[in-house]
Amino acid sequence: MSKPTVAIFDFACCEGCQLQIVNLEEELLDLISVVQPVEWREAMSDKADGDFDIAIVEGSITRPEDEDRVREIRKRCKILIALGACATFGGVNKLKNKFTMDDVRKCVYGDAADMPHLSTAPTKSVCEVVQVDYRVEGCPIDAGEFTYIVRCLAMGTDPVIPSYPVCVECKLRENVCRFEYGELCLGPVTRAGCNACCPSAGAWCFGCRGFVDDPNVNAAKDVLEKYGLTIEDLNSRMELFNYGQEPAENVKNG
Amino acid sequence: MSRTVDISVHHVTRVEGHGNIRVRAVDGTIERIEWQVPEAPRFFEAMVRGQKWEDIQTIVSRICGICSVTHSFAAVKAIEDAMGIETSEQTEKLRVLTHYGEQMESHALHVGYLVAPDLLGVNSVVPLVETHPEAVKTVIRLHRLGNRWMEILAGRRTHPVSLRPGGFSMLPGEKQLREFKKELEAAVPDLQALAEFVLSVADRLPKFERPTEYIALVDPGQYTFYHGLIGSTDTEKPKPVREFESVVNEFVSPQSTAKWCKWHRDAYAVGALARFNLNAEHLLPLATTVAKQFGLEKGCCNPYMNNVAQLVEAVQVVEHGIQLIDELLTAGLKPERPKVKPRAGWGAGAVEAPRGILFHSYEFDAAGICRRANLTIPTNQNHANIQKDFEALVPQILDRSEDDIRLMLEMLVRAYDPCISCSTHYLDIEFV
């Protein structure tokens, strides 16, 4: 059996998720032994002709021509994996959508803002433009979760992604709750799978893996109330990576 | 005989972000030489408006996966400058040490994974796994070391967690530092092996020179990446970081409409070679030895030698990293938690990213909400210089085959280690 072909593409992003793939080091060599990379601009000079089995797409869609490009990629692949927060739900790139596009162009480019090549559209995730088969959450992705998903794919099984909040992993790591330090942590409403890496390094959870399915709103409210905080406080911090996300409404109305 | 050279490289590979090369010459007459950047702009300076002071470094870290520690530090330093926040000597030493991890990771990635294939005539590191397994393993070990470095000190490999205005949200343990020092000592033979390996193929680095102004941080007695003033090879008088806007002088070029930077000349360069040209006398003994092996000396203006300067710096950060750990352990790590009371103000911060000097500045209101930001990225500062290099280099090599010219231009772009997704100010142009 020939190895499945893989092509990696990026749109508006920091390329930090691709870097996590490079960071697999020797494990990347193992991965290359089961799949055949045919295009990966950041690491290879080769370019793929025709179709490929798997497309891995990092980044957000911020221009009409990029929508066309990602649709073209979708047509050329059998399976499309959205890599990281920018691709799965937009991540920090969506902060741009708080403003008008005229305003952000003028803010950054001043007098040159009206030049046609500076046109920009409100940020969309890859998931909002094309059908995505698998999502690797996080900013950046967790390299272990990425290889797990690729392994599942190779074995034809569906990966199981945690549907519980970061607090569960944080408790297992025996961290002192960030709220005890007077901080607003997004652990109670954020999808786990990162092994609570930020609270474990002395910071609050930034919510980069997005809302957990059906966040337990009452529990979150109880926690916030106990520390004199409100759902509005939580939503305002959640905005960093999750601007315009629907579940925010659920939390508000719950 | 009539000969047309027509080179069009769409999306140069093995660089971070998107860039194009266009060259056209007919019968020896050059009609066009252009370095273009079609990266989608991301508008970070607009996006941080309205965000809290304590979230800024988390947002701007996402400008670049490879320089995320540098971006965090530039933001943290600017916030501290704006709000008059003091930091301890321990914090300053730990920051320098943390920042070295990113230099190691980025330089190993660039020299080992992105540049080495050019020196060995292949398209990527993948074929080298078979042909040069030991060299690839050495690169992997050094790259992993850089990642472990950031993990231990910044809480994560990419997008650091523990770097805060005022200090660290979490300190490494003394035992952890003691053990990490052993890893650094063990890396020295790997660095020497990598230097030998690159040296064995260094004749593939083109011999091309163009007198250039180099700009980097300068700090008395130090080969600095983190502290100091803005120095230039064109002046004896460095400038304070708060005056960075009068150094970068962003302007719209009439011939390309891209924003370029210039100080004393029509372009300048930043990066490892710039740091070397300004600070080489402060390198530690091992790093100095590696520079000598390659014949790299202060005043070098061959942009391809930036790759060699990166190698020298990889040695320097390990050598100095070992010293810093000794100093920290001798003093004993004291538990500290940053306490910050936000206040209104404007501040600027400069830090050396692996690919050159980076400037951030922010203005905050009394509640610590960001009102204005200005970020000037290293690759942005190199843009005009890459174009000037192209213009000087192409006439010298026009008699070669298109493949050769293309490769030399691609290698030149790669030598600058561009980080294009970083480039908040790149104008987005596709000339057709």
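First, a word on what this report is: a plain description of the structure on this page. Keep in mind the model is a prediction, meaning the values are calculated, not measured. (Residues numbered from 1 in each chain as written. Chains lettered and ligands numbered in written order. Predicted model: local features only at pLDDT ≥ 70, side-chain atom pairs only at ≥ 80, totals over all residues. Heavy atoms only, no water.)

### Describing the sheet that holds strand β3 (residues 29–36) of chain B
Residues and elements named next belong to chain B. To keep things clear, this is the line we draw: Any two strands with at least two DSSP-identified bridges between them are counted as paired. Put simply, DSSP marks the helices as runs of H or I at least four residues long and the strands as runs of E at least two long, and each gets a number from the N terminus on. Only the stretch in contact is used when a helix axis is fitted, and all axes are lines through C-alpha atoms; the angle between N-to-C directions ranges over 0 to 180 degrees. Note on contacts: a residue pair qualifies if any of its non-hydrogen atoms lie within 4.5 Å across the two residues.
Overall, antiparallel pairing links the three strands, which are arranged β1-β2-β3 in an open sheet. The strands lining the two open edges of the sheet, one partner per strand, are β1 (4–9) and β3. Taking the axes of each pair of neighbouring strands and ignoring which way they run, one obtains an average angle of 5 degrees across the sheet. Here strand β2 (residues 20–26) pairs with β3 via seven bridges, running antiparallel. Among the inter-strand pairings, A25 is bridged to a residue of β3, identified as I30. Contacts between helix α12 (residues 378–397) and the sheet are confined to β2 and β3, with β3 contributing the most and set at about 155 degrees to the helix. Contacting β1, β2 and β3, helix α13 (residues 402–415) runs over the sheet at an angle of about 40 degrees to β1.

### Digging into the pairing of strand β14 (residues 370–376) of chain B
Residues and elements named next belong to chain B. Test applied: Each residue's exposure class comes from its accessible area (1.4 Å probe, protein chains only) as a fraction of the maximum for that residue type: buried when under 20%, exposed when over 50%, partly exposed otherwise.
Of all seven residues making up β14, five are buried, and the element is well covered by its neighbours. Pairing geometry for strand β13 (residues 356–364) and β14, over six bridges, is antiparallel. Bridging from a neighbouring strand, F359 pairs with T376 of β14. The antiparallel hairpin formed by β13 and β14 contains five residues in its connecting segment, where G368 sits at a positive phi of about 80 degrees.

### Digging into the interface of chain A and chain B
This is how it is decided: Accessible area that two parts lose when put together, evaluated with a 1.4 Å probe and summed over both, is termed the buried area. Note that Gly is not counted as nonpolar here; it falls among the polar residues with everything else outside the nonpolar set of Ala, Val, Leu, Ile, Met, Phe, Trp, Tyr, Cys and Pro and the charged set of Asp, Glu, Lys and Arg.
Taken together, the contact between chain A and chain B spans 59 residues of the former and 64 residues of the latter. Across the chain A to chain B interface the summed buried area is about 5300 Å²; carbon plus sulfur atoms make up 57%. The largest per-residue losses of area from chain A upon contact with chain B belong to E25(A), R41(A) and Y109(A), which jointly make up 12% of the total buried on that side. Top element by residues in the side of chain A that touches chain B is helix α5 (residues 101–109) of chain A. It accounts for six residues. When grouped by side-chain class, the residues that make up the side of chain A that touches chain B number 30 nonpolar, 11 polar and 18 charged.

### Considerations on the packing of helix α7 (residues 174–200) of chain B against helix α11 (residues 306–331) of chain B
Residues and elements named next belong to chain B. To be explicit about the condition: Orientation is classified from the angle alone, with under 35 degrees giving roughly parallel, over 145 giving roughly antiparallel, 65 to 115 giving roughly perpendicular, and any other angle giving oblique. Two helices that cross are described as forming a left-handed crossing if the nearer one is turned anticlockwise from the farther one by less than a right angle, and a right-handed crossing if clockwise.
Relative orientation of the contacting elements α7 and α11 amounts to 160 degrees, with a least axis distance of 9 Å. Between α7 and α11, the crossing angle belongs to the class labelled roughly antiparallel. Our pair here, α7 against α11, has a crossing hand that is left-handed. Facing α7, whose interface residues are E174, L177, R178, F180, K181, L184, E185, V188, L191, L194, A195 and V198, α11 presents L311, A314, V315, V318, G321, I322, I325, D326 and L329. Here the residues of the contact of α7 with α11 are counted per class, giving 15 nonpolar, one polar and five charged.

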